[in-house]
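What the coordinates show
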Protein chains: 2
Amino acid sequence: MSHEFWFKEYHTEHNGIFFRIERILFQKKTPFQQIDIVESPVFGKVLLLDGLVMTTELDEFVYHEMLVHPAMVLHPSPKQVLVIGGGDGGTVRELIKYQEVKEIIQSEIDREVVEAAKKYLPELSSGFNDPRVKIFFEDGVKFVKESDASVFDLIFVDSSDPVGPATVLYGDEFIESLHRVLKPNGIVVFQSESPFTRLDIIKSLFDGLAKKFKVVKPYLAPMPGYPDGTWSFLMAMNESYDEPVRKLPSGLKYVNEDILKSAFALPNFVKNRLYD
Amino acid sequence: MSHEFWFKEYHTEHNGIFFRIERILFQKKTPFQQIDIVESPVFGKVLLLDGLVMTTELDEFVYHEMLVHPAMVLHPSPKQVLVIGGGDGGTVRELIKYQEVKEIIQSEIDREVVEAAKKYLPELSSGFNDPRVKIFFEDGVKFVKESDASVFDLIFVDSSDPVGPATVLYGDEFIESLHRVLKPNGIVVFQSESPFTRLDIIKSLFDGLAKKFKVVKPYLAPMPGYPDGTWSFLMAMNESYDEPVRKLPSGLKYVNEDILKSAFALPNFVKNRLYD
């Protein structure tokens, strides 16, 4: 083979990552975005949406375990769960590990992402077969606005980054809606960007959540495929859950009890900005 | 300006990072390596050795604080300190924050790195002016081999990665030498690669240290400029120091007491490999 395929993602106009592409498994332009699934030597299979890395085999377990388990072990009765986005299935895969979960409602705007994940990313999407999962192919903002009040114990916002269409998922109006559909003792978890170069976005979401929720806890995890290699999450709730009330599922690759505690330790430069 | 300068670092032959270069501040080919100091929009000033990112303004505080402070707060009497490498000065800058430190011996192979850092990276190199610091421009391996036994309370191996000339710094013979020049109650700290794609190197150094030292403690920190964005460190000692015996210096940007505890929490995939 005399030619080479390379992928390049600009994290800002000034920097980014690149990796070799061995095979392109799937490409489709949907009404919502460009979907690509590629195979690469270091990252393994990679899901790209509009040319941005969403999921890689190298690190997806960190992201999905860290989005789901910190809240799952804290909530006293996690029966009704809502997932916004999460079309690759990784979040659902982690959620179905809990017997306590009775129903998982997922609102994913793009049916094609789910279909592609089912076909090309079975390691992520296998959980979609669980009878407790119901997927609605709808805009998450609209879905939450039209949902009944106080129905969910837990909500996971597993969305694209706040550029383009997902920007609304970081705004006050959406937080207002989430607060309304969440039970009073519920927990909502957002994925929320890199603390090194996007701390302003984290701060803005943190402040937005703090207006509606009594407790907002940021936490961090390493993510080699995402900008700066470190990602943040924000957990918001009205109760102050401090100690885990259930065990972690067995077989996790990233999360354990030490990690659950340590992830909430924030570096000084993050603390100083969030609590200034 | 119609042209653009870009820097590209391959972390493997298949992937890496790139960033825009605004200005090249310094370039020199020394008997040991190619030194470049450049200015870039996101990473700020960057020191490159043989084309690999060593130090960036964006994240150097994480690396240097995490190399130095976890051991410094544990050791009962950190008077005599040895630094292997560390030509940019960041490690010395953190060390001189402790009154308890009476002498810092630094063995840096390349005088030109220190000279360039003094001129172009004053934020890092300012500590070189401290009267407690004595720099020997010598090969670290040779320096340690020729040093008296049991003289250092703490040793920090702030070296290049184990490719090319620095490979010996990860071998059994060097560990043997370090063990000899360290006092019996001393601590040695290594920087030791990414846990995501270079876990075999960490494992090998971990096993090498475990042969000579009773306790080896790995810990992690985020490093956007380094491969995979997460870096590991290995702390080795013959005493089991568990609780800090002194306070952290004020004004740190990354490290605080929560971070000191949480950094030692290892993900399952790291634990499983290191303790298999």
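Residues numbered from 1 in each chain as written. Chains lettered and ligands numbered in written order. Predicted model: local features only at pLDDT ≥ 70, side-chain atom pairs only at ≥ 80, totals over all residues. Heavy atoms only, no water.

Of the two same-sequence chains, chain B is brought onto chain A (RMSD 0.0 Å, axial shift 0.0 Å) by a rotation of 180°. This pairing of chains is accounted for by a two-fold axis. (Least-squares fit on C-alpha atoms with pLDDT ≥ 70 in both.)

So, about the side chain of Ser192(A). All names here are of chain A. Relative to the helices and strands, Ser192 is located in the loop between β11 (182-191) and α7 (199-212). A polar contact is formed between the side chain of Ser192 and the backbone nitrogen of Phe233, at a distance of 3.5 Å. Not counting the four nearest positions on each side in its chain, Ser192 is found in contact with Tyr170, Ile202, Leu205, Trp231, Ser232, Phe233 and Leu234. (Helix = DSSP H or I, 4+ residues; strand = E, 2+ residues; numbered from the N terminus. Polar contact = N/O pair within 3.5 Å; in protein donor to acceptor, adjacent residues only side chain to side chain. Contact = heavy atoms within 4.5 Å.)

Here the focus is the sheet that holds strand β10 (residues 152-158) of chain A. All names here are of chain A. Ordered by their spatial adjacency, seven strands build an open sheet running β9-β8-β7-β10-β11-β13-β12, and the pairing between neighbours is mixed. Taken across any chain shown, the strands that pair with only one partner, and hence form the sheet edges, are β9 (133-136) and β12 (215-222). Recorded for the sheet is a direction-independent mean angle of 15° between the axes of neighbouring strands. With five bridges connecting them, β10 and β11 associate as parallel partners. (Pairing = 2+ DSSP bridges. Axes fitted to C-alpha atoms, helices over the stretch in contact; angles between N-to-C directions.)

On to the packing of helix α6 (residues 172-181) of chain B against helix α7 (residues 199-212) of chain B. All names here are of chain B. It is the contact of α6 with α7, at a shortest axis distance of 10 Å, that shows an interaxial angle of 40°. When the interaxial angle is binned, α6 and α7 end up oblique. The handedness of the crossing between α6 and α7 comes out as right-handed. In this structure, α6 contributes Asp172, Ile175, Glu176 and His179 to the contact, and α7 contributes Leu205, Gly208, Leu209, Lys211 and Lys212. (Parallel < 35°, antiparallel > 145°, perpendicular 65-115°, else oblique. Left-handed = near helix turned anticlockwise from the far one by under 90°.)

Each aromatic ring pair is summarised here by two numbers: the centre-to-centre distance and the angle between the ring planes. In total, this model carries 32 aromatic pairs over all chains according to the counting rule given. Here the aromatic rings of Phe7(B) and Phe19(B) are separated by 4.8 Å at their centres, their planes lie at 40°, and the arrangement is tilted. Of this pair, Phe7(B) sits in strand β1 (residues 5-12) while Phe19(B) sits in strand β2 (residues 15-21), placing them twelve residues apart in sequence. Among the residues examined, Phe7(B) registers a relative accessible area of 8% and is labelled buried. Ring pairs connect the aromatic residues Tyr63(A), Tyr219(A), Tyr226(A), Trp231(A), Phe233(A) and Phe264(A), which therefore count as one cluster. Positioned over the ring face of Phe18(B) is Lys8(A), at 5.1 Å from the centre of the ring. (Phe/Tyr/Trp six-rings, centres within 6.5 Å; stacked < 30°, edge-to-face > 60°. Buried < 20%, exposed > 50% of the residue type's maximum accessible area, 1.4 Å probe, protein only. Lys NZ or Arg CZ within 6 Å of the ring centre and 35° of its normal.)

What follows deals with unusual backbone geometry. All names here are of chain A. You will see that Asp50, though not glycine, has its phi angle at about 50°, which is positive. Topologically, Asp50 is positioned in the loop between β5 (44-49) and β6 (52-56). The class of Asp50 is partly exposed, set by a relative accessible area of 45%.

This part covers the interface of chain B and chain A. Contacts between the two partners involve 41 residues from chain B and, on the opposite side, 41 residues from chain A. The largest share of the area that chain B buries against chain A comes from His14(B), Phe18(B) and Phe196(B), three residues that together contribute 21% of it. On inspection of chain B and its partner chain A, the count reaches two salt bridges. Residue Lys271(A) pairs with Asp258(B) through a salt bridge whose shortest N-O separation is 4.0 Å. Put simply, the parts of the chain that give the side of chain B that touches chain A at least two residues each are β1, β2, α1 (60-72), α8 (257-262) and α9 (268-274) of chain B. Looking at the side of chain B that touches chain A, the element that brings in the most residues is β2(B), giving six residues. (Buried area = accessible area lost by both parts, 1.4 Å probe. Salt bridge = Lys/Arg side-chain N within 4 Å of Asp/Glu carboxyl O.)

The subject of this paragraph is α7(B). Residues and elements named next belong to chain B. For α7, with 14 residues, the first-to-last C-alpha span of 20 Å sits near the 20 Å given by 1.5 Å per residue. Buried within α7 we find Leu199, Ile202, Lys203, Leu205, Phe206, Gly208 and Leu209. As for α7, its buried residues are in contact with α6, β11 (182-191), β12 (215-222), β13 (230-237) and α9. (Expected span 1.5 Å × (residues − 1).)

Moving on, we come to the domain arrangement of chain A. Residue and element names in this part refer to chain A. On domain assignment, one finds that chain A holds domain 1 (5-56) and domain 2 (60-274). Spacing between the C-alpha centres of domain 1 and domain 2 amounts to 23 Å. Carbon and sulfur atoms supply 64% of the area that domain 1 and domain 2 bury against each other, a total of about 1,800 Å² over both sides. Contact with domain 2 buries area across many residues of domain 1, yet His11, Phe32 and Lys45 alone supply 25% of it, more than any other trio. The interface formed by domain 1 and domain 2 holds two salt bridges in total. In this structure, Lys45 and Glu123 form a salt bridge, with 3.2 Å as the shortest nitrogen-oxygen distance. Elements with a contribution of two residues or more to the side of domain 1 that touches domain 2: β3 (23-29), β4 (34-40), β5 and β6. For the side of domain 1 that touches domain 2, the element with the highest residue contribution is β6, accounting for five residues. (Domains from an automatic or database assignment.)

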